[in-house]
Amino acid sequence: MSHEVDNWLRWLPKWRPGTHRSRTRLCRRCFGSPIIAAAGLSTDVPHAVQHALSMRMKLIIDSAVDDYTDRNLPLLRREIRLSEERKAHRPYRPGEGLPPEVTGLELDPEPEPGQPYLFTLGELASETAAELAPPPPEPLSEPEKEAIRAEVKLADQYAKQIGRRVCVELVQHRDRIEKAVGDIVEPQIAQLLADLDRELDSPLWPGF
């Protein structure tokens, strides 16, 4: 936990406020996240700052769940392995191999009216995956499906348990997280607002 918080703190000085058009879709990982609340980042903090920490905490949770699955859930482990083997056949995977700070973000910007895309990264990845997809695996029997559902439920329960532990531990780091936001993020936001205020007061804007 301390290691991943340290990594986030080292990344934070690289963050800059976005000046492009904001997104209208909420990030399902960050919106209402107990991890974000435990870190003290749920109010008046840019989403990119929240998301970078959230994904680093996800690394911890995923690693613990993977280890639990490998040791205790053989059917689910087999299905995950088969799924990974199928994914390995895809020649183009734009969402993989990204740093944690941008993992899970939308790859394509939202479309603007009257400005159609020639293609999107998501469409391109889907098309290449469909062209080179290996044959589907043999269908599972009903008993096998029930057994896998039971193992998935166990994995979900374990993930929630680890998530609660992460939140408890993250509270211990809240002071240094909030200090970093105050020292690095808030001055940049204040400067951005000041620049915007000066632009609105400019004589080049008639009627103001």
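Within every chain, residues take consecutive numbers counted from 1 along the sequence as written. pLDDT decides what is reported in this predicted model: residues at 70 or higher carry local features, side-chain atom pairs at 80 or more are listed and counted, and totals for whole chains, interfaces and linings draw on all residues regardless. Water and hydrogen atoms were dropped before computing side-chain values, which therefore reflect all heavy atoms in the structure.

(A) Representation of the packing of helix α1 (residues 2–11) against helix α3 (residues 47–72) in the model. A fitted line through C-alpha atoms represents every axis, and for helices the fit uses only the stretch in contact; the resulting angles, taken between N-to-C directions, go from 0 to 180 degrees. Strands here mean DSSP runs of E at least two residues long; helices mean DSSP runs of H or I at least four residues long; both are numbered from the N terminus. Where α1 meets α3, the closest approach of the two axes is 10 Å, and the angle between their N-to-C directions is 155°. With respect to their mutual orientation, α1 and α3 come out roughly antiparallel. Between α1 and α3 lies a crossing of right-handed hand. Every residue of α3 that contacts α1 at E4, V5, N7, W8 and W11 is listed here: A48, V49, A52, L53, R56, M57, L59 and I60. Classification used: nonpolar for Ala, Val, Leu, Ile, Met, Phe, Trp, Tyr, Cys and Pro, charged for Asp, Glu, Lys and Arg, polar for all others including Gly. A per-class count over the contact of α1 with α3 returns ten nonpolar, one polar and two charged. Should an angle lie under 35 degrees it is considered roughly parallel, over 145 roughly antiparallel, and from 65 to 115 roughly perpendicular; all remaining angles are considered oblique. Throughout, a crossing is termed right-handed when the near helix is turned clockwise from the far one, and left-handed when it is turned anticlockwise from it by less than a right angle. Any two residues whose heavy atoms approach within 4.5 Å at even a single point are treated as in contact.

(B) Quick look at the packing of aromatic side chains. By convention, a stacked pair of Phe, Tyr or Trp rings (six-membered ring in the case of Trp) has centres within 6.5 Å and planes under 30 degrees apart, an edge-to-face pair has planes over 60 apart, and any other such pair is tilted. Applying the stated criterion across every chain, the model contains one aromatic pair. Between the aromatic rings of Y68 and Y158, the centroid separation amounts to 4.2 Å while the plane-to-plane angle is 10°, which identifies the pairing as stacked. Residue Y68 is found in helix α3, and its partner Y158 is found in helix α6 (residues 142–171); the two are separated by 90 residues along the sequence.

(C) Local environment of the side chain of H173. If you trace the backbone, H173 turns up in the loop between α6 and α7 (174–200). The exposure class assigned to H173 is buried, which follows from its relative accessible area of 11%. Every residue in contact with H173, bar those within four places of it in the chain, is listed here: M1, S2 and V5. Any residue under 20% of the maximum accessible area for its type is buried, any over 50% is exposed, and the rest in between are partly exposed; the area is computed with a 1.4 Å probe on protein chains only.

(D) Just the nonpolar core, in detail. Put simply, a nonpolar core is a bunch of buried Ala, Val, Leu, Ile, Met, Phe, Trp, Tyr and Cys residues held in one set by side-chain atoms that sit within 4.5 Å of each other. Among the nonpolar cores identified, the biggest contains 31 residues, and W8, L41, L170 and I177 are the most heavily contacted of them. Those elements that place two or more of their residues in this core are α1, α2 (34–38), α3, α6 and α7. The element contributing the most residues to this core is α3, with seven residues. Filtering out sequence-adjacent residues up to four positions away, L41 remains in contact with W8, I36, Q50, L53, I177 and V181.

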